[in-house]
Amino acid sequence: MTETSEAPAAVEQPSKPTRRRVHRAWFVAAVTFVTIIGAAAFRSVPGLLIDPLHEEFDWSRGTIGAAVSVNLALYGLTAPFAAALMDRFGIRRVVAVALTVIALGSGLTVWMTAAWQLMLCWGLLVGLGSGSMALAFAATVTNRWFTERRGLVSGILTAASASGQLIFLPLLSWIIDRYDWRPAAVTVALAALAVVPFVWLLLHDHPADIGQKPYGAAEFVPKPPPVVGAARRAVSVLFSAARTGPFWLLAGTFAICGASTNGLIQTHFVPAAHDHRMPITAAASLLAVIGIFDVVGTIASGWFTDRFDSRRLLAVYYALRGVSLLFLPLLLAPSVHPPMIFFIVFYGLDWVATVPPTLALCREQYGEDSAIVFGWVLASHQVGAALVAFLGGVARDTFGSYDVVWYASGALCAVAALMALVIRKKTSDG
């Protein structure tokens, strides 16, 4: 008699919870964030250099402001070509070269003895390098690696510049106050060089390079072939966009944005506060506090941009900025007091909150060309900044005060608020 034996039933093992891996797009965004922070050191210096260079070389503030204006203008005018170059040669190569040029320009300033050398080193070299590290870099990364959360990511990457300001401003002002402006220039050069290895080793050009989809994409997106004729493409995109009304409204509002931030506060706040006998380290610390709240305001603006009409957001931002600037001449004093702290917090929340909605409007209006269009809009931002960096110094030399510059900038912000409201929405048929 044979025994039949039944196979024991398989014991069902509890399934292990699958761990959700973080999408590589967030790592690329993190490397981009760190890169922009490292490159932001150069943006912390111009306002700190005006008084030391004036005292050592007896150059007028208008002359120094002219060098800063060249830097700011090139920062913007290089951006659209840099975006096209990233399409041709890849993000990693363009950014690594840009950081090296920034380091070279900043490092050479320690040997300058004439104003034209300041124009060459800080104006031309640092301007060209920084232009390739402009917000078009953040726009390119956002467009390639994300289809969802673009407003949030653009806000975070924009805030990186403010974070760099937060880190470097107190340090550089302390170095200038305790030692000299030359060690501060060397610090900027070393900070730019320190980021190059991170860019070269960790910054991927496209999700397809590592076989992934962009974050939030339903389908795999193949890497497009290199786009030849970078300069020609940048110019052709400009001519195409310039035939549309929204481009001029976006460029005009962003020019006023640059005039009232980089050109005005970042360049002239420290010397203006010093005119009222505020120590340079205290004034620089206030700018660093702007950087703290800029991070909060810009990330919040990115969140708002994903949910609300970008035109209305811009109108609110510019209107609030204009009101705050009208009160600034009443707040400058030898010491820091609560109303000034309130202004710094209020202004910091609004510093570059305009970037995510402006970038969203470029994307809405111009699609695949939006990064290059945004580069040209950013160029207008920096042209506005350059004009006020120069004219602010001339006004100080002429009137002995910055008051007229604060009031004029406040009025311009009111104009920008109105311009933002009349930008038309993109129709479904284009």
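The preceding data block contains the structure.
Residues numbered from 1 in each chain as written. Predicted model: local features only at pLDDT ≥ 70, side-chain atom pairs only at ≥ 80, totals over all residues. Heavy atoms only, no water.

A. Structural context of the nonpolar core. Leu53, Ile265, Phe269 and Met340 are the most contacted members of the largest nonpolar core, which has 87 residues in total. Per element, the largest residue contribution to this core is ten residues, and it comes from helix 16 (residues 370-399). Residues Ala25, Ala98, Val153 and Leu203 belong to the second largest nonpolar core, which totals 30 residues. (Core = buried A, V, L, I, M, F, W, Y, C linked by side-chain atoms within 4.5 Å. Buried < 20%, exposed > 50% of the residue type's maximum accessible area, 1.4 Å probe, protein only. Helix = DSSP H or I, 4+ residues; strand = E, 2+ residues; numbered from the N terminus.)

B. Layout of the packing of aromatic side chains. Counted under the stated rule, the structure contains eleven aromatic pairs. Measuring from centroid to centroid gives 4.3 Å for Phe57 and Trp59, while their planes differ by 10°, and the two rings are stacked. On the accessibility criterion, Trp59 (11% relative accessible area) is buried. Each member of the aromatic cluster is reached from another via a ring pair, and the members are Phe57, Trp59 and Trp181. For the cation-ring pair, Arg92 lies above Trp200, with the distance from its terminal atom to the ring centre recorded as 5.0 Å. (Phe/Tyr/Trp six-rings, centres within 6.5 Å; stacked < 30°, edge-to-face > 60°. Lys NZ or Arg CZ within 6 Å of the ring centre and 35° of its normal.)

C. Highlighting the side chain of Thr261. Structurally, Thr261 is set in the loop between helix 10 (245-260) and helix 11 (262-275). Once you skip the residues sitting within four places of it in the chain, Thr261 turns out to touch Gln266, Arg321, Tyr347, Trp351 and His381. (Contact = heavy atoms within 4.5 Å.)

D. Looking closely at the pattern of salt bridges. A complete count under the given rule lists six salt bridges for this structure. Put simply, Glu364 and Arg311 hold a salt bridge, and the shortest N to O gap is 2.5 Å. Note that Glu364 is positioned in helix 15 (residues 355-366) and Arg311 in helix 13 (residues 310-331), a separation of 53 residues in sequence. Arg311 gets classed as buried once you look at its relative accessible area, which sits at 6%. Within the structure, one salt-bridge network assembled from shared partners comprises Glu56, Asp180 and Arg182. (Salt bridge = Lys/Arg side-chain N within 4 Å of Asp/Glu carboxyl O.)

E. Broad picture of unusual backbone geometry. For Asp58, which is not glycine, the phi dihedral falls at a positive 60°. Residue placement: Asp58 occurs in the loop between helix 2 (46-57) and helix 3 (61-89). Taking relative accessible area as the criterion, Asp58 reaches 63% and is therefore assigned exposed.

F. Structural context of the environment of Trp174. Mapped onto the secondary structure, Trp174 falls in helix 7 (residues 150-178). Taking relative accessible area as the criterion, Trp174 reaches 43% and is therefore assigned partly exposed. Along the backbone, Trp174 and Ile280 are 106 residues apart, and their C-alpha atoms lie at a distance of 8.7 Å. Excluding its chain neighbours within four sequence positions, the residues that come into contact with Trp174 are Tyr179 and Thr281.

G. Broad picture of helix 10. The end-to-end C-alpha distance of helix 10, which contains 16 residues, comes to 23 Å, matching closely the 22 Å that a straight helix rising 1.5 Å per residue would cover. Of all 16 residues that make up helix 10, twelve are buried, and the element is covered over most of its length. (Expected span 1.5 Å × (residues − 1).)

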